[in-house]
Amino acid sequence: MIIHWNADPVLLSFGFIHIRWYSLLFAAGFMAGLYMMHRIYAKEGVDPAELEDLFLYLFAGTLLGARLGHCLFYDPVFYRTHPLAILKIWEGGLASHGGAIGVLTALTLFCVRHGRPLIWLLDRLTIPAAFAGALIRIGNFMNSEILGVATRGDFGIVFHRVDLLPRHPVQLYEALAYLLIFGLLLLVYRRRGPRCPDKRLTGIFLITVFTARFFLEYLKLPQAAFSVFWSLRMGQILSIPFIFAGIIVLIPKRSS
């Protein structure tokens, strides 16, 4: 089945102000995450007063990390010669791996300030993070960006804003993968709650999210503006350290 897709990336316009689907879904992911964390804090008897501050740290870390990650990982030559273009976030260009690094940095700063154990917070944030990731990929679909390779046969989506080739809707594949991971993390947390061993949710998140990302890269058009080694794409190379980190944190410590 061939589906023709020509959605306007702009949902509403008020003069020079444009509300884009991507921006709306990006913000919705953060708001949903804030709601989920409120529920988690209440369940565990933790004062939710710090969540507004956490929201600001996460938003700044995600945006700065994702933007700088895109500029450094995917098109460093262009941004080195056009440094002011780094500020043009409205033109697009956010990298999820850079966002992950930015979030980890922001959370470290937040935990130092508030005296909150980093791994405790990471474990619980994996749940809304997976859900937010799904919404962001749907936003990419609405923008007709992060395109899949052309399909062979009678299946695919034609993104009319790009070309007339039927392509894999890899944005939706990735969104579905993240929703399934969100369900898995939520199930594990609900079964164990505060008794869930430290690092378990973090390990599951890192392994599943970045393994899905690694294999789905084969269905995407290359995003980096240069070639990489070993026939691996930039998204795959950047995913490997996160997968290994997930495996390492799940390895039980030996008692001395």
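For the structure, check the block above.
Residues numbered from 1 in each chain as written. Predicted model: local features only at pLDDT ≥ 70, side-chain atom pairs only at ≥ 80, totals over all residues. Heavy atoms only, no water.

Novice: Explanation requested: the environment of Leu216 in the structure shown.
Specialist: Mapping Leu216 onto the fold places it in helix H7 (residues 200-216). For Leu216, a relative accessible area of 13% puts it in the buried group. Along the chain, Leu216 and Gln171 lie 45 residues apart, while their C-alpha atoms are 9.3 Å from each other. Look past the residues within four positions of Leu216 in its chain and what remains in contact with it is Val170, Tyr173 and Glu174. (Helix = DSSP H or I, 4+ residues; strand = E, 2+ residues; numbered from the N terminus. Buried < 20%, exposed > 50% of the residue type's maximum accessible area, 1.4 Å probe, protein only. Contact = heavy atoms within 4.5 Å.)

Novice: Help me out: how do you make sense of the packing of aromatic side chains in this one?
Specialist: Each aromatic ring pair is specified by the distance between its two centres and by the angle formed by the two planes. All told, the structure shown has 14 aromatic pairs when counted by the stated rule. Centre to centre, the rings of Phe210 and Phe242 are 4.3 Å apart; their planes meet at 15°, and the pair counts as stacked. Here Phe210 is found in helix H7, whereas its partner Phe242 is found in helix H8 (residues 234-250), with 32 residues between them in sequence. In terms of burial, Phe210 and Phe242 fall into one category: buried. Across the ring face of Trp120, the terminal group of Arg116 is positioned such that the distance to the ring centre comes to 5.0 Å. (Phe/Tyr/Trp six-rings, centres within 6.5 Å; stacked < 30°, edge-to-face > 60°. Lys NZ or Arg CZ within 6 Å of the ring centre and 35° of its normal.)

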